[in-house]
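Overview (structure and organization)
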Amino acid sequence: MVALMPVGNIGRSVPRLEGRDKVMGQAEYTHHLRLPGMLYGKIFRSTLPHALIKSVDTSAAKAVEGVFRVVTIDDIRTVIPHPYYGPAFHDQPVLADGKVRFAGEPVAVVLASDPRVAEYAASLITAEYEELPAVLDEVEAAASDICVHDELKPAATFPDLQHLKGRRGTNVALDYRLVRGDVEAGFAAADHVFEHTFRCQQAMHTPMEPFVSIADVRDGRMTLHTASQGPSFVRIEMARLLGWPENRVRVKVPHLGGGFGGKLYIKLEALVTSLSLLVQRPVKISLTMEEQFFMVTKHACTFTIKSGVNNDGKVVARKCRILWNGGAYADIGPRVTQKAGFTSAGPYDIDNVEIESLAVYTNRPPAGALRGFGAPQAAWAYECHTDLIAEALNFDKIEFRRQNLLKEGRPQASGTPVHDAAFEKVMDQVADRLDWHKPFNRGNGRILRGRGLAVGIKGITSPTTSVAIVNLYGDGSCGLYIGTVDMGQGSDTVMAQIVAEVLGLDAEAVHVIHPDTDVTPYDMGTLGSRSTFHMGTAVRLAAEDVLRKIDDLAKELGLPPNSNLPVSEMLRKKYGMQAGNIIGTGSFIPDYKKPDPETGQTPKATPFWGVGANGAEVEIDTETGEVKIVKLVNVVDAGVAINPRAVRQQVSGAAIMQMGFTMTENMVFRDGQLTNGSLADYKIPSLLDMPEQFVNEYVESRQQSGPFGAKGTGESSTIALSPAIGNAIADAIGVHLTDLPLTQESIFRAIQKKNGTPLPEDDND
Amino acid sequence: MKPGALAYFKPTTVTEAIGLLVDGGMDAKVIAGGQSLVPMLNLRMVAAERLVDVGGIAEMKQWSADDREVWIGACVTHDQIQIGEVADPSNGLMPKVASKIAYQAVRNRGTIGGSLSLADPAADWLTTTAALGATIEWEGPDGKKSCPADEFVFAAYTTQLDISDVLTGVRIPRLPPDATWGTYKLCRKAGEFAHAMAMVISAGARSRAFLGATDGAPIRLMHTETLVADFRNWESGHTALVSQALEADIADSGREFTDIQLWQSRTCLLRSIQMSLGFQPIKPEGV
């Protein structure tokens, strides 16, 4: 092991390496790229949520001057015999194959060298359908005879899904179970039992850079330029679809204008690849903001949670049943179901736990990973439930949580012991910033004030691999080759800080080479708060490998120990001129043990724990339901913050995003049709929506197993934000809302109902 | 997205503008501040082969005032009204309304005439000009025309303007110095279109009261006006009286309100009346 001399890169708010390029408008994005001979594709989409396709009439589109070709699934099949893809299930056709499963599904593509021509021609395509009954709600779909897919087709890559292979007559794509102790006995012995049901809405990632991919297939090789969070996965899946070895598929990813989990796995890549293969020219498809609603979304869900609690405040049993609305194609939904499922009992030490978490197909746009991977939906239920219990039994909300929070070394519901998870610290810091223990002005009459807090837990997708290469060039300068995608989170900067710390350089002097699968090594993906921990460790190992090789070279050159001769001089000595490289590699996969399929128990469910607490102070206008978030406090456990400013930016960015999912964002469907599919109607937060007081912090902590004590933090402030606001509203008006988003109207209706003057539409329930 | 190909004209006189509109027929559109039209063109929700930009017509950017009324050219921006660059006939109502339209970037370019011409039911100026008893003026191939603001709108996005007409200005009578007003609107989120809005003006024994942000033209509340004209102070018993009057007004209007719209409109109206009586709501909207 090489002795490390800290050089001041860790804990320093190094400005973003790419900041200047972005500010100057010079950063590279896939949207800017035009290749010679490139065609643009525009998509014709289904207008029905569930139907058999009787015919597609493309004649008018073909007749438009400038149209190169119009493509349906029949054409795709001539180049890819089995055109189905997906990370968990091979259930998604490249274009609709005889059947459409959601309104908005791609049915045909027009290719033209002018995107306007393609768009116009696409508008002339018509299709005839035989309409089928559609199933939209997850609770209904779980028990419905209407099946979105005839048969389940799990991908070979997920061994734990193989038992589902060939299952028919169901919309349940995954039935995850966790059992710890005896939950029924726990309820029977408990002094009190509480049960509540909560619901979350379907929402969208809304990256400011919509999806875009370009495929360039020629001479048996392919280059994909794509806005993807997972270039390595894209290469593997494209190679599988094409039946080619990986080394004939090259995937290049420049900067991303946001991803948030949407740009993972396969999105437009399979389609542009098929099209380019078909026409032997580069093909680009870039979605409009409006089309993004039909690509991938955040799961809606229904969560019923039941707890047994003793008079002394101890939670002794908890049963969770979550139905996840996965939409028409599974995408990574089964993983969301499982990962969010196993922490759905919350950050609490409970002896008897039973969890049932079901991924359900419906006739809605597909749902996949979105910042938090289901943990925020789960926390909405368990943290509102926690306040409801505390209120019913007259417990102090903080002390009730403290009594039940998981302590260091105690087993989480999965049996995995909790280490380095600062639950109490983040909670106490939120309480402190809210002046929780000081007198609070509750308002009166029209304006009522309230405050709330909540604590969240998240397991990290595991096991996943990262590989890094550090290359010292002949002059001693450093290049870092990684597949981590910098999509605005600052990973380039943080990874440079890690290399620089090990090699005794300045982070600003490190060049980070962006993902290009011909050049950069494997990485599972930029997702789920994993990069700092996984890739950060791989980068550290690679840099340490370089140090060892420098030592070896020094010995080879007969230099005295600690000679301090610069690397460039050593290479010059060896090669007689400025030449050569010193290349270090590092790869990392954390310890993991597969959960028991019956009980979900495992000693190693996650490499680290995502930990965050949030607090809110709100003002409610009781005559209108208007809610103002006066203060929003977000505190996370980041381990050691490698770049403190980048951590705070992640904390605030994630909180703003989750605030949108809490207050306004909601994909509204009528008869299976999305009715608000544009940013004119679907409202994300803007600067005018920022809380007056917006506090974003992290606590002093250390992840022993992380690089320089760090852990991932891109999602931690999303987890418990919704219940913090929900609990604050309940504190103000005396009613807990169970359904997200928390709109003016729903708050107003709840107030009127509580006052005994329900609005006519609420009068009968 | 970006709009389809279109021809752009920037005439310097109203007559020239009308000529260009007549030539363009159904495919020509007037553009002023572009705060609604440009997004709709970009989204391809509106197609236009010809844009006639009235921003180059000097007289439409002007205003004039005497002791009876103020005339505001159609191309005067919300911001000019907000900051008091234009004479105010309304004892502060118009600057206040202007300051609450969308966000500053929109107010910098959006115009009073553009807003009235589009006639989005949630537009603030529809209700404000109606409440102030203003006259809307326009010019077309058949010459100059005008009408009272509360007769200008037929339905959502549908006004008395004909296909080649240009709204040229608004003539607003000055309120008496002792006239008071109140207004309140509810928005889903900061800077958004309102989903409920009320406005009340009281001048001596006469009152005018309107609901805006409905499904069509602003609704004049005659029963409410009669009632409010007698109010000298706000008393708690007035709530029930206003509710009754509002229900009668809505019944007279023949328009449909959902339960929540009715409640929200009532709250906006109550707050507007209270405000007009010098009773400041605890929190003004949007703050």
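Anyway, here's the lowdown on the structure attached to this text. (Residues numbered from 1 in each chain as written. Chains lettered and ligands numbered in written order. Predicted model: local features only at pLDDT ≥ 70, side-chain atom pairs only at ≥ 80, totals over all residues. Heavy atoms only, no water.)

**Structural notes on the sheet that holds strand E17 (residues 300–309) of chain A**
Residues and elements named next belong to chain A. Spatial strand order, E9-E19-E18-E17-E10: five strands in an open sheet with mixed pairing. Edge positions in the sheet fall to strand E9 (172–180) and strand E10 (192–200), since each has one partner strand and no second. Strand-to-strand twist in this sheet, taken as the mean axis angle between neighbours without regard to direction, amounts to 5°. Where strand E18 (residues 315–327) meets strand E19 (residues 352–361), ten bridges bridge the pair, whose relative direction is parallel. Bridge pairing links Asn325 to Val360 in E19. (Pairing = 2+ DSSP bridges. Helix = DSSP H or I, 4+ residues; strand = E, 2+ residues; numbered from the N terminus. Axes fitted to C-alpha atoms, helices over the stretch in contact; angles between N-to-C directions.)

**Considering the side chain of Thr77(B)**
All names here are of chain B. For Thr77, the location among the structural elements is in the loop between strand E5 (69–73) and helix H3 (78–82). Note on Thr77: relative accessible area 13%, which makes it buried. If near-sequence neighbours (up to four positions away) are discounted, Thr77 is found in contact with Arg107, Asn108, Arg109, Gly110 and Thr111. (Buried < 20%, exposed > 50% of the residue type's maximum accessible area, 1.4 Å probe, protein only. Contact = heavy atoms within 4.5 Å.)

**Here we look at the nonpolar core**
Counting 163 residues, the largest nonpolar core has Phe89(A), Met238(A), Leu275(A), Ile285(A), Phe423(A) and Ile725(A) as the members making the most contacts within it. Tallying contributions element by element places helix H10 (residues 375–393) of chain A first for this core, with eleven residues. In this structure, Phe423(A) is in contact with Pro347(A), Leu405(A), Leu406(A), Val418(A), Val455(A), Gly456(A), Ile457(A) and Val611(A), ignoring residues within four places of it in sequence. Ala17(B), Leu116(B), Leu132(B) and Trp138(B) belong to the second largest nonpolar core, which has 53 residues in total. (Core = buried A, V, L, I, M, F, W, Y, C linked by side-chain atoms within 4.5 Å.)

**Regarding the sheet that holds strand E1 (residues 7–9) of chain B**
Residue and element names in this part refer to chain B. Judged by pairing direction, the sheet is parallel, and its three strands sit side by side in the order E1-E3-E2 without closing on themselves. The open sheet is flanked by E1 and strand E2 (28–31), the only strands paired with a single partner. Within the sheet, the average angular offset between the axes of one strand and its neighbour, ignoring direction, is 25°. Where E1 lies against strand E3 (residues 50–53), three bridges are found, and the strand directions are parallel.

**Brief notes about the pattern of salt bridges**
Residue and element names in this part refer to chain A. One pass over the full model with this rule turns up 57 salt bridges over all chains. Note that Glu184 and Lys319 form a salt bridge whose closest N and O atoms lie 3.1 Å from each other. Of this pair, Glu184 sits in helix H6 (residues 183–189) while Lys319 sits in strand E18, and the two are 135 residues apart along the sequence. For Glu184, a relative accessible area of 41% gives the class partly exposed. Of the residues examined, Lys319 reaches a relative accessible area of 30% and is grouped as partly exposed. The partner of Lys397 in a salt bridge is Glu391, with the nearest N and O atoms 2.8 Å apart. (Salt bridge = Lys/Arg side-chain N within 4 Å of Asp/Glu carboxyl O.)

**Here's the deal with the interface of chain A and chain B**
Between chain A and chain B, the contact holds 28 residues from the first and 26 residues from the second. Both sides together, the interface formed by chain A and chain B hides about 2,400 Å², and carbon and sulfur atoms give 52% of it. In terms of surface lost to chain B, no three residues of chain A exceed Arg446(A), Lys683(A) and Gln744(A), which account for 23% of the buried area on that side. Where chain A meets chain B, there are six salt bridges. At the junction of chain A with chain B, the criterion picks out 13 residue pairs in polar contact (both at pLDDT 80 or more). Elements that contribute at least two residues to the side of chain A that touches chain B include exactly helix H4 (115–122), strand E27 (609–621) and helix H18 (744–754) of chain A. Residues belonging to the side of chain A that touches chain B are distributed by class as follows: seven nonpolar, six polar and 15 charged. (Buried area = accessible area lost by both parts, 1.4 Å probe. Polar contact = N/O pair within 3.5 Å; in protein donor to acceptor, adjacent residues only side chain to side chain. Nonpolar A, V, L, I, M, F, W, Y, C, P; charged D, E, K, R; others polar.)

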